[in-house]
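For reference, the chains in residue letters:
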Amino acid sequence: MDVDRKAFLAALGPGAAFGAMTHEERAEALESYMMSQLGKQFAIAPATVRRGMGVMFGGPTPSGVHPELGALAEMPRKPALVDFFRLRFMPHTVAHMLQSANDALKKGEPEETVFACLVHDIAVNLIKVDHGYWGAQMIEPYVSEKTSWAIRHHQALRFYADPSAGYEYPEQYVRIFGKDYVPAPYIQAAYEHAHKHKWYMAARLITVHDLYAFDPNVKVSLDPFIDIIGRHFKQPKEGLGFDASPVAHIWRSLIYPDNPL
Ligand SMILES: [Fe+2]
Ligand SMILES: [Fe+2]
């Protein structure tokens, strides 16, 4: 990397006397300057896909890894929620949600919370930005109001620690968003609204169990959750995507992700 000497000296600030520095100090200052410039180069590199694109469509994970896309399995004519888990959602998203639901189950949470954990990140398959809102909308016609509310608000609560509930700010977010990240005003407003709400803990618990759901060595089966899905998700008889509900097109987008229009 070429270093602009003037820019480098200016970046050291008016108080820094380059001439008075030891060789080690100069080398260190130069190295940290070059790293910051490298960061800028990455920041302005043109994107090949937008960051928010869902993982089923080739979008990167929040930490920047592009999952491998495989051939699409044929879906049944009347798909149920479990068919999306088995035939559409990307395996790493399924593993994460199953681990999260399993953690909630093991710790004796109410079944409604276990179910919410099981589906809390389904939207990242379609779109990652504001995934809590998208996910809540996808399931809204088929679940209790409290469950969709909780999934919608886990989006904002993830950015705010609540040690009394067992939720610390995730170390992973420092890496993804940077250490000085301040959530946008709309996230702050959603957090304040949720914090005062009677269902606050329903959303908070999703974030709590989220923390224990990223272990690559833990395999959890969907089978123990089939009955829980049956009790908390009103499966439309026409199949998800074909019930003419206001969200049917979202499910169809996951059934037919290769359709050009
Ligand atoms: Fe999430
Ligand atoms: Fe999650």
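So, here is what we can say about the structure in this document. (Residues numbered from 1 in each chain as written. Chains lettered and ligands numbered in written order. Predicted model: local features only at pLDDT ≥ 70, side-chain atom pairs only at ≥ 80, totals over all residues. Heavy atoms only, no water.)

## Looking at the coordination of the iron ion (ligand 2)
The criterion, for reference: Each metal's donors comprise the N, O and S atoms found within 2.8 Å of it (within 3.2 Å for Na, K or Ca). Water is not part of the atom list, so some coordination spheres may appear incomplete. Here the metal geometry follows the donor angles, with tetrahedral for four donors whose angles all fall between 85 and 135 degrees, square planar for four and octahedral for six when opposite donors are more than 155 degrees apart and every other angle is between 65 and 115, and irregular for all the rest. Starting at the N terminus, helices and strands are each numbered in turn, a helix being any DSSP run of H or I of at least four residues and a strand any DSSP run of E of at least two. Working definition: with a 1.4 Å probe on protein chains only, accessible area under 20% of the residue-type maximum means buried, over 50% means exposed, and in between means partly exposed.
Bound to the iron ion (ligand 2) on the protein side are His 96 (NE2), His 120 (NE2), Asp 121 (OD) and Asp 210 (OD), at distances that span 2.0 to 2.2 Å. Metal-centred angles of 82 to 172° between the four donor atoms at the iron ion (ligand 2) mark the site as irregular. Mapped onto the polypeptide sequence, the residues donating to the iron ion (ligand 2) form the spacing pattern H-x23-H-D-x88-D. Here the iron ion (ligand 2) and the iron ion (ligand 1) are spaced 3.6 Å apart, linked through Asp 121, which binds each one. Of this pair, His 120 sits in the loop between helix H5 (111-119) and helix H6 (131-139) while Asp 210 sits in helix H10 (residues 200-210); the two residues are 90 residues apart in sequence, bridging distant segments of the chain. In this pair, the class of His 120 matches that of Asp 210, namely buried.

## Concerning the coordination of the iron ion (ligand 1)
Coordination sphere of the iron ion (ligand 1), protein contribution only: Asp 121 (OD), His 131 (NE2) and His 154 (NE2), at 2.2 Å. When the donors of the iron ion (ligand 1) are listed by position in the chain, the intervening gaps give D-x9-H-x22-H.

## Structural notes on the environment of Arg 231
To keep it simple, the criterion reads: Counting of polar contacts relies on pairs of N or O atoms within 3.5 Å, with two restrictions inside protein: one atom must be capable of donating a hydrogen and the other of accepting it, and residues adjacent in sequence are counted only when both atoms are side-chain atoms.
Following the sequence through the fold, Arg 231 ends up in helix H11 (residues 226-232). Exposure remark for Arg 231: the relative accessible area of 54% places this residue in the exposed category. At 2.8 Å, the side chain of Arg 231 forms a polar contact with the side chain of Glu 111.

## Looking at the packing of aromatic side chains
Definition in use: Each aromatic pair joins two rings of Phe, Tyr and Trp (for Trp, the six-membered one) with centres within 6.5 Å, and gets the label stacked for planes under 30 degrees apart, edge-to-face for over 60, and tilted for any other angle. By the criterion adopted, a ring carries a charge over it if an Arg CZ or a Lys NZ lies within 6 Å of its centre and within 35 degrees of its normal.
Applying the stated criterion across every chain, the model contains 13 aromatic pairs. When the centroid spacing of 3.9 Å and the interplanar angle of 10° are considered together, the rings of Tyr 160 and Tyr 191 count as stacked. A residue pair is termed long-range when its members are at least 10 positions apart, and Tyr 160 in the loop between helix H7 (145-157) and helix H8 (171-177) and Tyr 191 in helix H9 (residues 185-196) qualify at 31 residues. In this structure, Tyr 160 and Tyr 191 share a single accessibility class: buried. Geometry around Tyr 212 places Lys 107 over its ring, the cationic atom sitting 3.6 Å from the centre.

## Structural notes on the packing of helix H4 (residues 91-106) against H5
Let me state the cut-off plainly: Here an axis means a line fitted to C-alpha atoms, over the contact stretch when the element is a helix, while the angle between two N-to-C directions is reported on a 0 to 180 degree scale. What sets the label is the angle itself: under 35 degrees gives roughly parallel, over 145 gives roughly antiparallel, 65 to 115 gives roughly perpendicular, and the rest give oblique. Crossing handedness: left-handed means the near helix sits turned counterclockwise from the far one by under a right angle, and right-handed means the same turn made clockwise. Any two residues whose heavy atoms approach within 4.5 Å at even a single point are treated as in contact.
Here H4 crosses H5 at 165°, and the two axes come no closer than 7 Å. Classified by the angle their axes make, H4 and H5 are roughly antiparallel. The two elements H4 and H5 cross, and the hand of that crossing is right-handed. Every residue of H5 that contacts H4 at Met 97, Leu 98, Ser 100, Ala 101, Ala 104 and Leu 105 is listed here: Val 114, Cys 117, Leu 118 and Val 119.

## A word on unusual backbone geometry
A negative phi angle characterises most non-glycine residues, just as the trans form characterises most peptide bonds. Located in the positive-phi region is Asp 130, a residue other than glycine, with phi close to 55°. With respect to the helices, strands and loops of the structure, Asp 130 is situated in the loop between H5 and H6. Residue Asp 130 is classed as partly exposed on the basis of its relative accessible area of 22%. Of note in this structure, Ala 244 is not a glycine but carries a positive phi near 60°. Examined against the element boundaries, Ala 244 turns out to sit in the loop between H11 and helix H12 (248-255). A relative accessible area of 74% places Ala 244 in the exposed class.

## Here we look at the pattern of salt bridges
Put simply, the test is: Definition used for salt bridges: Asp or Glu carboxyl oxygen within 4 Å of a side-chain nitrogen of Lys or Arg.
By the definition in use, this model includes seven salt bridges. Lys 107 is the salt-bridge partner of Asp 103, the closest N and O atoms lying 3.1 Å from each other. By relative accessible area, which is 7% here, Asp 103 ends up buried. A salt bridge links Glu 140 to Arg 152; the nearest nitrogen and oxygen atoms lie 2.9 Å apart. In this pair, Glu 140 sits in the loop between H6 and H7 while Arg 152 sits in helix H7, placing the two residues 12 residues apart along the sequence. By relative accessible area, which is 33% here, Glu 140 ends up partly exposed.

## Focus on H4
Rules: Each helix should span, by expectation, one fewer than its residue count multiplied by 1.5 Å.
Its 16 residues place the ends of H4 22 Å apart at the C-alpha level, agreeing with the 22 Å of an ideal helix rising 1.5 Å per residue. Of the positions making up H4, those classed as buried are Thr 93, Val 94, His 96, Met 97, Leu 98, Gln 99, Ser 100, Ala 101, Asp 103 and Ala 104. On its buried face, H4 is in contact with helix H3 (81-87), H5 and H10. The positive-phi residue at the C-terminal boundary of H4 is Gly 108, with phi of around 75°.

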